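Remarks on the overall topology
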Amino acid sequence: MTDATPGPKARPARLQSLTALRNIMVFLFKTPTSAFAMVVLAILVLVALFAPWVATHNPYMQDLQNTLSPPSGAHYFGTDELGRDIFSRLVYGTRITLTIIFLVTITVGPLGLIVGAVAGYRGGKTDIVLMRVTDIFLSFPSLILSLAFVAALGPSLNNAIIAISLTAWPPIARLARAETLTFRKADYIAAARLQGASTTRILWKSIMPMCLPSVVIRLTLNMATVILTAAGLGFLGLGAQPPMPEWGAMIATGRRFMIDSWWLVTFPGVAILTVSLAFNLLGDGLRDALDPKQMMKR
Amino acid sequence: MQTPILEVSNLSLRYPGASEPAVRDVSFTLGRERLGIVGESGSGKSTVGRALMRLLPQADLSADVMRFEDVDLLRASERQMLKVRGARMSMILQDPKFSLNPIRRCGDQVAEAYRTHVRCTKAEARAKAIAMLDAVQIRDPERVFEFYPHEVSGGMGQRIMIAMMLLTDPQLVIADEPTSALDVTVRLQVLKILDDLVRERGIGLVMISHDLNLVRNFCDRVLIMYAGRVVETLQADALDQARHPYTRGLLAAQPRIGGDRTALPVLDRDPAWLTSETHS
Amino acid sequence: MTFDRRRQLTTIAGQCGSIFVTLFGLLILTFVIGRIMPTDPVRAIVGEDATREVYENVYRQLGLDRPVWEQFFMYLRDVVTLDFGTSIRTGQPVLQDIIHVLPATIELATFAIIVGAGVGIPLGVLAAVHKDRWQDHVIRVFSLMGHSMPIFWTGMIALLVFYAGLGWVGGSGRMSQFYIGLVPERTNFLLIDSALAGEWDVFFSALNHIILPASLLGYSSSAYITRMTRSFMLDQINQEYITTARVKGLSQRQTIWRHAFGNIRVQLVTIVALAYGALLEGAVLIETVFAWPGFGQYLTSNLLIGDMNAVMTCVLIVGVIFIALNILSDLLYRIFDPRTR
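About the cut-offs
Residues numbered from 1 in each chain as written. Chains lettered and ligands numbered in written order. Predicted model: local features only at pLDDT ≥ 70, side-chain atom pairs only at ≥ 80, totals over all residues. Heavy atoms only, no water. Helix = DSSP H or I, 4+ residues; strand = E, 2+ residues; numbered from the N terminus. Rg over C-alpha atoms; globule rule 2.2 N^0.38 Å. Buried < 20%, exposed > 50% of the residue type's maximum accessible area, 1.4 Å probe, protein only. Contact = heavy atoms within 4.5 Å. Areas by Shrake-Rupley, 256 points an atom, 1.4 Å probe, with all protein chains shown as cover. Lys, Arg positive; Asp, Glu negative; His and termini not counted. Charge placed at Lys NZ, Arg CZ, Asp CG, Glu CD. Domains from an automatic or database assignment. Buried area = accessible area lost by both parts, 1.4 Å probe. Salt bridge = Lys/Arg side-chain N within 4 Å of Asp/Glu carboxyl O. Polar contact = N/O pair within 3.5 Å; in protein donor to acceptor, adjacent residues only side chain to side chain. Nonpolar A, V, L, I, M, F, W, Y, C, P; charged D, E, K, R; others polar. Pairing = 2+ DSSP bridges. Axes fitted to C-alpha atoms, helices over the stretch in contact; angles between N-to-C directions. Parallel < 35°, antiparallel > 145°, perpendicular 65-115°, else oblique. Left-handed = near helix turned anticlockwise from the far one by under 90°. Core = buried A, V, L, I, M, F, W, Y, C linked by side-chain atoms within 4.5 Å. Phe/Tyr/Trp six-rings, centres within 6.5 Å; stacked < 30°, edge-to-face > 60°. Lys NZ or Arg CZ within 6 Å of the ring centre and 35° of its normal.

For the rest of this paragraph, the subject is the overall build of chain B. Of the regular secondary structure elements, chain B holds 10 helices and 11 strands. For 280 residues, the compact-globule formula gives about 19 Å, and the C-alpha radius of gyration of chain B, at 19 Å, lands near that figure. Projected onto its principal axes, the C-alpha positions of chain B cover 60 × 50 × 40 Å. Counting all 280 residues of chain B, 52% fall into the buried class. Pairs at least 24 apart in sequence give 67% of the contacts found in chain B among residues at least 6 apart.

Structure (structure tokens):
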């Protein structure tokens, strides 16, 4: 029974998940809405990576001779009240947006996964306590709770990220717990336990990898909310602080000049809308792609 | 035989996205008689029933003739069909657990069938429904009228279904596995009620079933379907003289009380059946 | 029967217990955020240049010299006796402030949920009926759009277009400056107050002002309602009783509205109740943009001056409203679904 050793067994599994991944990608690119989403997000990442080359100006450089000038060949999206180039600020803003998404994801994903998997696997009192805590967090709308956290921690980009993370993990934990409950009784978990594997090992090696796909989808679906919350905090002056080119904060400062200089608020808003729409469309497409009923049809 | 109620010639039907048609070249006529359609699951027998009611608008349907009395079912508009469905032609579905609307009172659902086709007051429809519930031998029909579907048993649910479908005095009733969801003990009782009403009122009946014995006892004629085709048509009392190997296989696979206890034979399926001519 | 009754009582008791635990957890959370975090509550009250003596006085007054658990019990006692302290900004008891501003937000949210459900439910039904056809796709993009827009930005653009540009609607605030103080405050629901007083000019001015923020808020919440309606409808459309209705001779439209839609009403009530709670979130941002003197604006303005006491009370009240809406939707489900009776 050489097949029973983990090595040869793990490889086909990995191959299988790779094929599944490819199928999903093919499906996503076939649907126009999710294809659009993928393209937008690819552009977002590329722009963030190559911001210095894409941007036409230094995003922080003020030009007091040239304030509030409308969009033109020199300044594609015009300039703001300090003469800074809005296009370049938007370009550098992608880095802030991606940083927020990245940091929130790597905090929320593991946290929710661990809480959910432990609650689901251990069951009993551990489960009750952990899920009760999750429910308490879920009983607030996320923006209000983030507001409270930022207010307590003090306004800054880092604190906004912490606050968003603190409010975004409960749905992930719920999901991971539900998934764990379906695997917990499986024979291979029982086998691992009989072989004397510790709880930590079972959780780490057998349960968490199984929960991972659905957690990843859920995280994608959450991105749009994360972006909107971050922008909302920035708008209220509780997130990224000036002069950072955060899109929400740009809208907040542009608000005073809105009536005469529409470009100050319009472009950052369009940027937020596009990115959050892209994430929503992608999440929607992913959900369809992974819906077994949909798969049967093809 | 008098003029047929239903005439079908070369009916074929393909579901959207399917490569193979679910029904192909099915032909039969029906007078004031009871016709059984027998086949395994997936043989297309239920699809025939639904195609006759024109309940599958997305499916790709073709036929040389599909006529119900004076209605050309192939060309009838949806509007004409609304006047046919439930009034002149109706269908009894399989499982009352699913085929009755769970959050409406049983009686209201029965009365709705009447009110859809006859202009009348609520009280008239109610009286009519209660009389019909009585006709399907429901004791205390006024009380049952107020019940929700989850409060009645399967046998009672199916009697309610029969009441609903016969209330408007249709000429043709299609019964799609009317008893296969019921307990064995109430099956015969429910079938008897249906049979009595159908005979009494001179209704044409198409009974769709996978149960050869049941069809043999309650029908005059039997169509045997396999993989979307009619492979053989027989008088019910002449089933034992079936010539088609599939029918004979089905008959041989029936367990018999008092028979020997050797394993039942397994059906051999010959791909040639898919193309060969119909025995009749 | 008695067994059923007893089981019912046990479930009710169990639910009350879990509500109680959740409320208690809420209090712990607001306490932790409000008292343990790095902002200095004393500074917020006495200001930057108070003498050491004044500072320590207030410090002791707030009980900050006591152990944490004792502070928590003081907090609990305050909450139970509905004493939430005084707002630094207005000098009024916080609770009184909130009661004063809450109607404006409820008015806005109610108007918004009417828009949201009025748009979302029919679209959801339509999308389900035309699943995977162009109607479904258009509706999907339309509703995801509403879900993706930063509402504070859309609010500004809408003001720019419909108020400054086209002049179709009123600008910020609940009514024209001109009418402020004209109507006696009875319920603080402006539409009701003005109608009661027979001040129809004020009524229409209020209507003119509420329509834009409420529509935007409603649009943003309609995404969720549309999606849920669609998936509920899809569940129903594939049920066998729908075939029964068709067999009876009901038309497609009658079948969908009378049978399928009739059967999702209960679920929809639940969804709309939850969406109503979520509106409070959007209200915080939209009230800032439209200078709407409601709960959201009260919360943010206290936030910016660091009055944690007022902020945490607001958060606590939102949490309580959320829990209440959850219980309410659960109750409605039990009342309306014959199967759970």
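Here we take up the overall build of chain C. Looking only at helices and strands, chain C features 13 helices and zero strands. Going from the N terminus to the C terminus, chain C shows its helices and strands as α-α-α-α-α-α-α-α-α-α-α-α-α. Overall, chain C is about 85 × 65 × 40 Å in size when its C-alpha atoms are taken along their principal axes. Intrachain contacts of chain C at a sequence separation of at least 6 include 70% that bridge at least 24 residues. For chain C, the computed accessible surface area is about 16500 Å², with 63% contributed by carbon and sulfur atoms. In chain C, 25 side chains carry a positive charge and 25 a negative one; their mean positions are 15 Å apart.

Many analyses report the size of an interface as the accessible area lost when the parts associate. Residues and elements named next belong to chain C. Domains assigned within chain C are domain 1 (16-80) and domain 2 (94-340). Each partner contributes residues to the interface: domain 1 has 12 residues there, and domain 2 has nine residues. Carbon and sulfur atoms supply 85% of the area that domain 1 and domain 2 bury against each other, a total of about 840 Å² over both sides. When the buried area of domain 1 at its contact with domain 2 is split by residue, Ile 19, Leu 26 and Thr 30 rank highest and sum to 42% of it. Across the domain 1-domain 2 interface, the total number found is zero salt bridges. Counting across the interface, domain 1 meets domain 2 through zero residue pairs in polar contact (both at pLDDT 80 or more). Tallying contributions element by element places helix H1 (residues 2-36) first for the side of domain 1 that touches domain 2, with eight residues. Split by residue class, the side of domain 1 that touches domain 2 holds eight nonpolar, four polar and no charged.

Here we come to the pattern of salt bridges. Residue and element names in this part refer to chain B. For the structure on display, the rule yields 33 salt bridges over all chains. Its salt-bridge partner being Arg 105, residue Glu 146 comes within 3.9 Å of it at the nearest N-O pair. Taken together, the residues span a long stretch of sequence, with Glu 146 in the loop between helix H6 (141-145) and helix H7 (154-166) and Arg 105 in the loop between helix H3 (96-99) and helix H4 (106-117) at a distance of 41 residues. Owing to a relative accessible area of 28%, Arg 105 belongs among the partly exposed residues under this scheme. Here Lys 192 and Asp 196 are joined by a salt bridge, their closest N and O atoms 3.2 Å apart. Taken together, the residues Lys 192 and Asp 196, both in helix H8 (residues 184-201) and four residues apart, mark about one turn of the helix. On the basis of relative accessibility, which here comes to 46%, the residue Lys 192 falls in the partly exposed class. In the salt-bridge network here, residues are joined through shared partners; they are Arg 34, Asp 195, Arg 199 and Asp 220.

Residue and element names in this part refer to chain B. A sheet is described by the order of its strands in space; here six strands give the open sequence S7-S8-S9-S3-S10-S11, paired in mixed fashion. Two strands bound the open sheet, and with one partner strand each, they are strand S7 (89-92) and strand S11 (229-235). For this sheet the average axis-to-axis angle between neighbouring strands, irrespective of direction, equals 20°. Taken together, the five bridges between strand S3 (residues 34-38) and strand S9 (residues 204-209) define a ladder with parallel strand orientation. Opposite Gly 36, over in S9, you have Met 207 as the bridge partner. Its contacts with the sheet place H7 against S7 and strand S8 (172-176), and it is angled at close to 175° to S7.

All names here are of chain A. One way to put it is that helix H6 (residues 142-153) packs onto helix H7 (residues 157-184) with a least axis distance of 8 Å and a crossing angle of 140°. Judged by the angle between their axes, H6 and H7 are oblique. Between H6 and H7 lies a crossing whose hand is right-handed. Residue-level contacts link Ser 142, Leu 145, Ser 146, Phe 149, Val 150 and Leu 153 of H6 to Asn 159, Ala 160, Ile 162, Ala 163, Leu 166 and Thr 167 of H7.

Before going further, it helps to spend a moment on the pairing of strand S1 (residues 6-14) of chain B. Residues and elements named next belong to chain B. As defined by bridge partners, S1 adjoins strand S2 (residues 23-30) across five bridges and the pair is classed as antiparallel. The partner of Leu 6 across the bridge, within S2, is Leu 30. In this structure, S1 lies alongside strand S5 (residues 65-68), joined through four bridges in antiparallel fashion. Bridging from a neighbouring strand, Ser 9 pairs with Val 65 of S5. With three bridges connecting them, S1 and strand S4 (residues 60-62) associate as antiparallel partners. Looking across to S4, one finds that Arg 14 is bridged to Asp 60.

Below, the discussion takes up the interface of chain B and chain C. At the junction of the two partners, chain B supplies 28 residues and chain C supplies 17 residues. Between chain B and chain C the total buried area reaches about 2100 Å² when both faces are included, carbon and sulfur atoms providing 59% of it. Looking at the side of chain B facing chain C, the largest losses of area belong to Asn101(B), Ile103(B) and Glu112(B), adding up to 25% of the total buried there. Our count for the contact surface shared by chain B and chain C stands at four salt bridges.

Further remarks concern the arrangement of the chains. Counting contacts across all two pairs of chains that touch, the top-ranked interface belongs to chains A and C. Between chain A and chain B there is no contact, and the shortest C-alpha to C-alpha distance separating them is 8 Å.

What follows covers the packing of H6(A) against helix H9 (residues 199-235) of chain A. Residue and element names in this part refer to chain A. Relative to each other, H6 and H9 sit at 45°, their axes nearing to 11 Å. Of the possible angle classes, the one that applies to H6 and H9 is oblique. For H6 against H9, the interelement crossing comes out right-handed. Two secondary-structure elements touch here, H6 through Ser 142, Leu 143, Ser 146, Leu 147 and Val 150 and H9 through Thr 225, Thr 229 and Leu 233.

If you look at the biggest cluster of nonpolar residues, it comprises 160 residues, and the most contacted ones within it are Ile33(C) and Phe152(C). With 18 residues, the top contributor of residues to this core is H9(A). No fewer than three residues from each of domain 1 (16-80) and domain 2 (94-340) of chain C sit in this core. Residue contacts for Ile33(C): discarding those within four places in its chain leaves Leu145(A), Ala148(A), Phe149(A), Ala152(A), Met308(C) and Met312(C).

This next bit is on the side chain of Ser214(A). All names here are of chain A. Within the element layout of this structure, Ser 214 appears in helix H9. A polar contact is formed between the side chain of Ser 214 and the side chain of Glu 179, at a distance of 3.1 Å. Filtering out sequence-adjacent residues up to four positions away, Ser 214 remains in contact with Leu 175 and Glu 179.

Time to look at the packing of aromatic side chains. Within the structure shown, the criterion is met by 19 aromatic pairs over all chains. On the basis of an interplanar angle of 85° and a centroid distance of 5.8 Å, the ring pair of Trp262(A) and Trp263(A) is categorised as edge-to-face. Each ring, one from Phe24(C) and one from Phe72(C), has its centre 5.9 Å from the other, and the planes form 85°; the classification is edge-to-face. Of this pair, Phe24(C) sits in helix H1 while Phe72(C) is found in helix H4 (residues 68-80), placing the two residues 48 residues apart along the sequence. One aromatic cluster in this structure is built from Tyr76(A), Phe77(A), Phe87(A), Trp262(A), Trp263(A) and Phe267(A). Looking at Arg126(B), its charged tip hangs above the ring of Phe145(B), at a distance of 4.3 Å from the centre.

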